[in-house]
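# What the coordinates show
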Amino acid sequence: MQIGAHVDQTDPIAEAQARKAPHVQFFLGDPQGYKGPEFRYARGADGLRDDAAAAGIDLYVHAPYIVNVATTNNRIRIPSRKLLQQHVDAAASIGAQGLIVHGGHVNKDDHPEVGFDNWRKAVDAVDLKLPLLIENTAGGDNAMTRYLERIAGVWDAISACDQADRVGFCLDTCHAHAGGNALETVVDDVRRITGRIDLVHCNDSRDDFDSGADRHANLGAGKVDPDLLAAVVRDAGAPVVLETPGGADEHVADIEWLRERV
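Report on the accompanying structure.

Secondary structure assignment for the protein chain yields nine helices and 10 strands. Rg of the C-alpha trace for the protein chain: 17 Å, near the compact-globule value of 18 Å for 262 residues, within the 12% margin. C-alpha extents for the protein chain along the principal axes are approximately 45 × 40 × 30 Å. Looking at the 262 residues of the protein chain, the share that counts as buried comes to 53%. The contacts of the protein chain with a sequence gap of at least 6 include a subset with a gap of at least 24, amounting to 73%.

Structural data, given as structure tokens:
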């Protein structure tokens, strides 16, 4: 079981080593801004790629939260698509295994089909130089990837794209729980829709089932049944990234907690 964590981007290699982790995930720049990616690693993008390879550490990049390629709002959708391409390019330049992006949402008066089609247009428009991993989200009635039927709509829309084989899925356990998806069946449910799970974000939840609240907790300290949390990771059989609170010490404890159960 390959278990890593979301870390600060300044020195991802040192962060991985502090956790004895085979891979790490991080942002490249401001997760809430349109400014574009930046490399804070002292040796730049090429140095990060080479140093990570030499250390045997895989890298994953999380796209900014504000990316929303599904929306009908041109002032958000167009900059989002541009920002997505920039992060695809930046993540590819450091040899990342994938770029994780949230599913986004449409406006309350829009039909979900519009969002599905905007996802198709985005996949057609962006040059996917590495796998793009679409992540399920926790809240919002207008979200594209909170509910299973919406995930199915996105997948149906992008299935005919030339780059469909470069689009994968990231399953977040906190988001699934808070979004109202039964963890007892979510792995099979998602696989039935997408045919794949490429990465698991293993997080406990501070809130109740179907709360719609995206608030992560350390493993075993939240509202998710510990056995279900471990079962999702075990059944998914994909690399794991912890996005739980704290630093290296807390992540090491979470890694040990998970390993004891899977």
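Next comes the rest of the write-up.
Attention shifts here to the pattern of salt bridges. Under the criterion given, the structure shown has 15 salt bridges. Residue D207 is joined to R215 by a salt bridge in which the shortest nitrogen-to-oxygen separation is 2.8 Å. On the accessibility criterion, R215 (36% relative accessible area) is partly exposed. One continuous salt-bridge network, built from bridges that share partners, spans D117, R120, K121 and D124.

Right, let's talk about the nonpolar core for a bit. Judged by nonpolar contacts, the single largest core of 69 residues is most densely connected at F26, I94, L99, W119, L171 and C202. Core analysis: the second largest hydrophobic core is formed by six residues, Y60, I100, C170 and V241 among them.

Burial within strand β3 (residues 58-62) is extensive, with four of its five residues counted as buried. Here strand β2 (residues 23-26) pairs with β3 via four bridges, running parallel. Opposite H23, over in β3, you have D58 as the bridge partner. Of the crossover connections in this fold, the one passing from β2 over helix α2 (residues 44-55) to the parallel β3 is right-handed. Two strands pair when backbone bridges link them, and β3 and strand β4 (residues 98-102) are joined in this way by three bridges, in the parallel orientation. Along β4, the bridge assignment pairs V61 with L99. Remark: the β3/helix α3 (residues 74-93)/β4 crossover connection has right-handed handedness.

A separate point is the pairing of strand β1 (residues 3-6). With three bridges joining them, β1 and strand β10 (residues 240-242) adopt parallel strand pairing. In the sheet register, A5 faces β10, and the bridge partner there is L242. Sheet analysis places β1 next to β2, joined by two bridges and oriented parallel. Following the sheet pairing, H6 is matched in β2 by Q25. Read as a crossover between parallel neighbours, the route from β1 over helix α1 (residues 12-19) to β2 is right-handed.

Here helix α9 (residues 248-261) spans 20 Å end to end across 14 residues, near enough to the 20 Å set by a 1.5 Å rise per residue. When we look at burial in α9, the residues that qualify are H251, D254, I255, W257 and L258. One side of α9 carries all its buried residues, which in axial view fall inside an arc of 160°. Opposite the buried face of α9, by more than 90 degrees, sit the exposed residues D249 and E260. Buried residues along α9 sit in contact with β1, α1, β7 (199-202), α8 (226-236) and β10.

The rules behind the values
- Residues numbered from 1 in each chain as written.
- Predicted model: local features only at pLDDT ≥ 70, side-chain atom pairs only at ≥ 80, totals over all residues.
- Heavy atoms only, no water.
- Helix = DSSP H or I, 4+ residues; strand = E, 2+ residues; numbered from the N terminus.
- Rg over C-alpha atoms; globule rule 2.2 N^0.38 Å.
- Buried < 20%, exposed > 50% of the residue type's maximum accessible area, 1.4 Å probe, protein only.
- Contact = heavy atoms within 4.5 Å.
- Salt bridge = Lys/Arg side-chain N within 4 Å of Asp/Glu carboxyl O.
- Core = buried A, V, L, I, M, F, W, Y, C linked by side-chain atoms within 4.5 Å.
- Pairing = 2+ DSSP bridges.
- Right-handed = clockwise from strand over helix to strand, strands pointing away.
- Expected span 1.5 Å × (residues − 1).
- Arc of directions from axis to C-beta.

Nothing here speaks to function; it is all geometry.
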